[in-house]
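The lines below spell out each chain.
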Amino acid sequence: MNMHLINPLSLLFFVVFLAITIVITWYASRKSRSASEYFNAGGRVGALQNGLAMSGEYLSAAALLGMTGAISLNGFDGVVYSIGVFAGWPLILFLVSEPMKRLGKFTLADVIAWRLNPKPIRVAVALASLPIVLLYLITQLVAAGGLIKLMFGVAYFPGVALVGVIMLCYVFFGGMLATTWVQIIKAVLLFGGSALLVVLLLAKFHFNPAEIFSMALSRARPGINAPTALPALQRWDTISLAIALLFGALGMPQILSRFLTVNKASDARKSAFYATGLVGVFHIFVLLLGFGALVLIGHGDILGAGGAGNMAVPLLAKLLGGDAFFGFICAVSFATMLAVVAGLTLSAATTFAHDIWAGVVMHQRLATLAGSADSGAVQTSHSAKQPQVARIAAVVVAIAAVLLALRFEGQNVAFMVGLSYSIAASANFPVLMLALFWKRLTTAGAVAGMLCGATLAVLMIILSPTIQVEVLHKALTDVQGQWWFVSLRNPSIISVPFAFFVAWSVSVLRPSKVEQSGFEQMQAVLEA
Amino acid sequence: LENHILINERYDVGVAAPKRGRLAVGFSVVFLIIVFGFFSIFCFFPGLMAIDLGSGVTAGIVMEQGLIIASILFSGLYVKCAGRYDKNDKDRARQNAHDRGQA
């Protein structure tokens, strides 16, 4: 099926989305002058708005197109991603939503460093967080280029460049306020579009979902609606993937920093609940849409449309709602990519400006000026300069990400998402948990845990079939016998406990009474 | 009642903080058992998920959808419990502050 066409309705919907978001960005640029307004929208975002923005940030085009496509091609086996991605949300609500708001200022490092020595912690968090965000950003841009080509017929280079320029405009001029509203609009469009598609789908089956599964059995292979029995190694690999998806969500800086945009801790809690509900309902839709596409479009046509199943939802929209709805879903997919990459760019820029520039470089300068008459004025001036530094960082991040996305054109970059989640689960998650719940964590323990967890995760992926076979195209039989070869594709089942162990053992071997006493003060702030 | 200094003076952080932490950890542990239960069945006992409940709907489909719905309800319960906990705590602190002010 030839899908390479510029659908005028897609363009119309997309231009309307762009026009609205540009007006918002212009409005936000007038409101984002101070560091707080630029980085966390001045803490004025409501709970429901933040819940929508977080779900918008979290649900990328991979959720709408990729997971649905995976279910339409692989049946029930595709739900591993769906459940893994969703299940992180209740944990975010229980464990980190309130502490992030109560202890954080602009970034995740604020929370981990609260009672520890801030400089090494900020460097370590930035070393872990920047690759998490950049890897995710490159993957999104590569996917965006491919999908724009597939849906709108626009060539890869102009497609990626266009996404890069628009995302930079949101971040450069509008900061967190504009990015938040772009996410909210995108989330409403995404939920509205998928809900309408589900209603149209169910109407086709007399509003009886069981009919969809029953017909899927007759149209596809037997057992499509149940998991396939896996060999021993793959079982553990799936558990490892679940660990990465589940705990990686708790270490994603672009998600956690959203809790800083609300006014109080109870709003952070409520916004996490709204996001849990929205992401959960969306994943209920994903299962229905995946099986619906399998029944109505068919395995062969979905594969034939290209994009490894990504076209299942747009094709279903075309079938059930005609060209207008197809155009709308294509525009929503594009809007989804734009919103996600804008959030990632802002997160990377904030990490650099707040954690590295203000927290390390300028902190050092202020320390040398301590006690002098100028120190107060210099501090105020540095604080005011943070948004400028973030804007420069955003330009650098955007250019680097676009160039790398161009370099990876047509290559399999799916491993980068896995790597991103694995680093988040292995570096940020263990130390964040220990910082919040274990009194004896020390700076040395936290830094060692983060760096060892991230290094092991990266190393294991490099030595796994994901890179050795799928990226470097070596024969599995050649590498399988090597002593360094790692059979697991997902390292988290080893790297997450390892990071916990390193952080624990270093903290126990080199205890710090001062940092332990900071735990009591932190508890007081958490209860304030 | 809005005398925050009195409230802070009467507020026992040492008692309250672990209680809040226990609530979060308790909910997380129960939730993790449910989620890893799902993944364990998926990986090690796929036959259980393949049980046909009629009309092509398998136990796995019901478990997947049930897990999502139960998680949302469970999250709602946490928000309610945490909200009630906050309210009780605040009321107690205000009452203590009020008593102390009268004394």
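Reading the values: the criteria
- Residues numbered from 1 in each chain as written.
- Chains lettered and ligands numbered in written order.
- Predicted model: local features only at pLDDT ≥ 70, side-chain atom pairs only at ≥ 80, totals over all residues.
- Heavy atoms only, no water.
- Helix = DSSP H or I, 4+ residues; strand = E, 2+ residues; numbered from the N terminus.
- Rg over C-alpha atoms; globule rule 2.2 N^0.38 Å.
- Buried < 20%, exposed > 50% of the residue type's maximum accessible area, 1.4 Å probe, protein only.
- Contact = heavy atoms within 4.5 Å.
- Lys, Arg positive; Asp, Glu negative; His and termini not counted.
- Charge placed at Lys NZ, Arg CZ, Asp CG, Glu CD.
- Buried area = accessible area lost by both parts, 1.4 Å probe.
- Salt bridge = Lys/Arg side-chain N within 4 Å of Asp/Glu carboxyl O.
- Nonpolar A, V, L, I, M, F, W, Y, C, P; charged D, E, K, R; others polar.
- Axes fitted to C-alpha atoms, helices over the stretch in contact; angles between N-to-C directions.
- Parallel < 35°, antiparallel > 145°, perpendicular 65-115°, else oblique.
- Phe/Tyr/Trp six-rings, centres within 6.5 Å; stacked < 30°, edge-to-face > 60°.
- Lys NZ or Arg CZ within 6 Å of the ring centre and 35° of its normal.
- Left-handed = near helix turned anticlockwise from the far one by under 90°.
- Core = buried A, V, L, I, M, F, W, Y, C linked by side-chain atoms within 4.5 Å.
- Expected span 1.5 Å × (residues − 1).
- Patch = residues over 30% accessible without salt bridge, like charges linked within 9 Å, V, L, I, M, F, W, Y side chains within 5 Å.
- Areas by Shrake-Rupley, 256 points an atom, 1.4 Å probe, with all protein chains shown as cover.
- pLDDT = per-residue confidence, 0-100.

### Here's the deal with the overall build of chain A
Here comes step 1: Secondary structure summary: chain A contains 21 helices and zero strands in total.
Here comes step 2: Relative to the 2.2 N^0.38 estimate, which gives 24 Å for 528 residues, the radius of gyration of chain A is 23 Å and therefore close to what a compact globule would have.
Here comes step 3: By principal-axis analysis of the C-alpha atoms, chain A measures approximately 75 × 55 × 40 Å.
Here comes step 4: Residue burial in chain A is summarised as follows: out of 528 residues, 62% are buried.
Here comes step 5: Once local pairs closer than 6 in sequence are excluded, the contacts in chain A between residues at least 24 apart make up 85%.
Here comes step 6: For chain A, the centre of its 31 positive side-chain charges and the centre of its 18 negative side-chain charges are spaced 6 Å apart.

### Concerning the environment of Ala 210 of chain A
Residues and elements named next belong to chain A.
Here comes step 1: With respect to the helices, strands and loops of the structure, Ala 210 is situated in helix H9 (residues 209-219).
Here comes step 2: Of the residues examined, Ala 210 reaches a relative accessible area of 16% and is grouped as buried.
Here comes step 3: Counting along the chain gives 78 residues from Ala 210 to Leu 288, while the straight-line C-alpha distance between them is 9.9 Å.

### Structural notes on the interface of chain B and chain A
Here comes step 1: Residue-level contacts link 47 residues of chain B with 47 residues of chain A.
Here comes step 2: Buried area between chain B and chain A, summed over both chains or domains, comes out near 4000 Å², and the portion from carbon and sulfur atoms is 78%.
Here comes step 3: At the boundary of chain B with chain A, the tally comes to zero salt bridges.
Here comes step 4: Residue assignment for the side of chain B that touches chain A shows that the elements contributing at least two residues are helix H2 (13-44), helix H3 (46-49) and helix H4 (59-102) of chain B.
Here comes step 5: Within the side of chain B that touches chain A, the residues separate by chemical class into 31 nonpolar, 12 polar and four charged.

### Digging into the pattern of salt bridges
Residues and elements named next belong to chain A.
Here comes step 1: As enumerated under the stated definition, the model contains eight salt bridges over all chains in all.
Here comes step 2: We note a salt bridge from Lys 439 to Glu 520, for which the minimum N-O separation is 3.0 Å. Of this pair, Lys 439 sits in the loop between helix H16 (414-437) and helix H17 (443-462) while Glu 520 sits in helix H21 (residues 513-526), and the two are 81 residues apart along the sequence.
Here comes step 3: On the accessibility criterion, Lys 439 (34% relative accessible area) is partly exposed.

### Observations regarding the packing of helix H5 (residues 79-103) of chain A against helix H12 (residues 265-296) of chain A
Each pair of packed helices gets described by two things: the angle between the helix axes and the distance between those axes.
All names here are of chain A.
Here comes step 1: Where H5 contacts H12, the axes come no closer than 8 Å and their chain directions differ by 175°. The orientation of H5 relative to H12 falls into the category roughly antiparallel. Contacts between H5 and H12 pair Val 79, Ser 82, Val 85, Phe 86, Trp 89, Pro 90, Leu 93, Ser 97, Glu 98, Lys 101 and Arg 102 from the former with Ala 265, Ala 268, Arg 269, Ala 272, Phe 273, Ala 275, Thr 276, Val 279, Gly 280, His 283, Val 286 and Leu 287 from the latter.

### A short note on the packing of aromatic side chains
Here comes step 1: Under the counting rule described, the total for this entry stands at 23 aromatic pairs over all chains.
Here comes step 2: Ring geometry for Tyr 58 of chain A against Trp 89 of chain A: centres 5.3 Å apart, planes inclined by 90°, an arrangement best described as edge-to-face. In this pair, Tyr 58 of chain A sits in helix H3 (residues 47-58) while Trp 89 of chain A sits in helix H5, placing the two residues 31 residues apart along the sequence. Each member of the pair Tyr 58 of chain A and Trp 89 of chain A is classed as buried.
Here comes step 3: With a centroid separation of 6.1 Å and 10° between ring planes, the pair formed by Phe 325 of chain A and Phe 328 of chain A is classed as stacked. Of the two residues, Phe 325 of chain A and Phe 328 of chain A are both situated in helix H14 (residues 312-369); the distance of three residues between them amounts to about one turn of the helix. Both residues of the pair, Phe 325 of chain A and Phe 328 of chain A, belong to the buried class.
Here comes step 4: Through a chain of ring-to-ring contacts, the aromatic side chains of Phe 247, Phe 429 and Phe 500 of chain A together with Phe 36, Phe 38 and Phe 39 of chain B assemble into a single cluster.
Here comes step 5: Here Lys 318 of chain A stacks its cationic end above the ring of Phe 326 of chain A, 4.8 Å away from the centre of that ring.

### Concerning the packing of H3 of chain A against H12 of chain A
Residue and element names in this part refer to chain A.
Here comes step 1: Relative to each other, H3 and H12 sit at 45°, their axes nearing to 7 Å. Judged by the inter-axis angle, H3 sits oblique to H12. Crossing of H3 against H12: the hand is right-handed. On H12, the residues that touch Ala 47, Leu 48, Asn 50, Gly 51, Leu 52, Met 54, Ser 55 and Tyr 58 of H3 are Asp 267, Lys 270, Ser 271, Ala 272, Tyr 274, Ala 275, Leu 278 and Val 279.
Here comes step 2: Partitioned by chemical class, the residues of the contact of H3 with H12 number 10 nonpolar, four polar and two charged.

### Concerning the nonpolar core
Here comes step 1: Among the nonpolar cores identified, the biggest contains 209 residues, and Phe 94, Val 96, Phe 291, Leu 432 and Leu 441 of chain A are the most heavily contacted of them.
Here comes step 2: For this core, the leading source of residues is H14 of chain A, giving 29 residues.

### Concerning helix H4 (residues 61-74) of chain A
Each α-helix winds once per 3.6 residues, and so residues spaced three or four apart point in a common direction.
Residues and elements named next belong to chain A.
Here comes step 1: Look at H4: 19 Å from first C-alpha to last across 14 residues, which is about the 20 Å you get at 1.5 Å a residue.
Here comes step 2: In terms of residue burial, H4 counts as a mostly covered element, since 10 of its 14 residues are buried.
Here comes step 3: Every buried residue of H4 is accounted for by Ala 61, Ala 63, Leu 64, Leu 65, Met 67, Thr 68, Gly 69, Ile 71, Ser 72 and Leu 73.
Here comes step 4: Backbone geometry just after H4 places Gly 75 at a positive phi near 70°.

### Digging into a positive patch on the surface
Here comes step 1: A contiguous patch of positive charge, built from Arg 30, Lys 31, Arg 33 and Arg 44 of chain A, is present on the exposed surface.
Here comes step 2: Positionally, Arg 30 of chain A belongs in helix H1 (residues 8-31).

### Topic: the confidence of the model for chain B
Residues and elements named next belong to chain B.
Here comes step 1: Of the residues in chain B, 79% reach a pLDDT of 70 or more, and the chain-wide mean stands at 80.
Here comes step 2: Here residues 1-7 is a poorly scored stretch, pLDDT under 50, and it has nine contacts once near neighbours within four places are set aside; other chains count.
Here comes step 3: Here the predicted complex scores 0.87 on pTM and 0.85 on ipTM.

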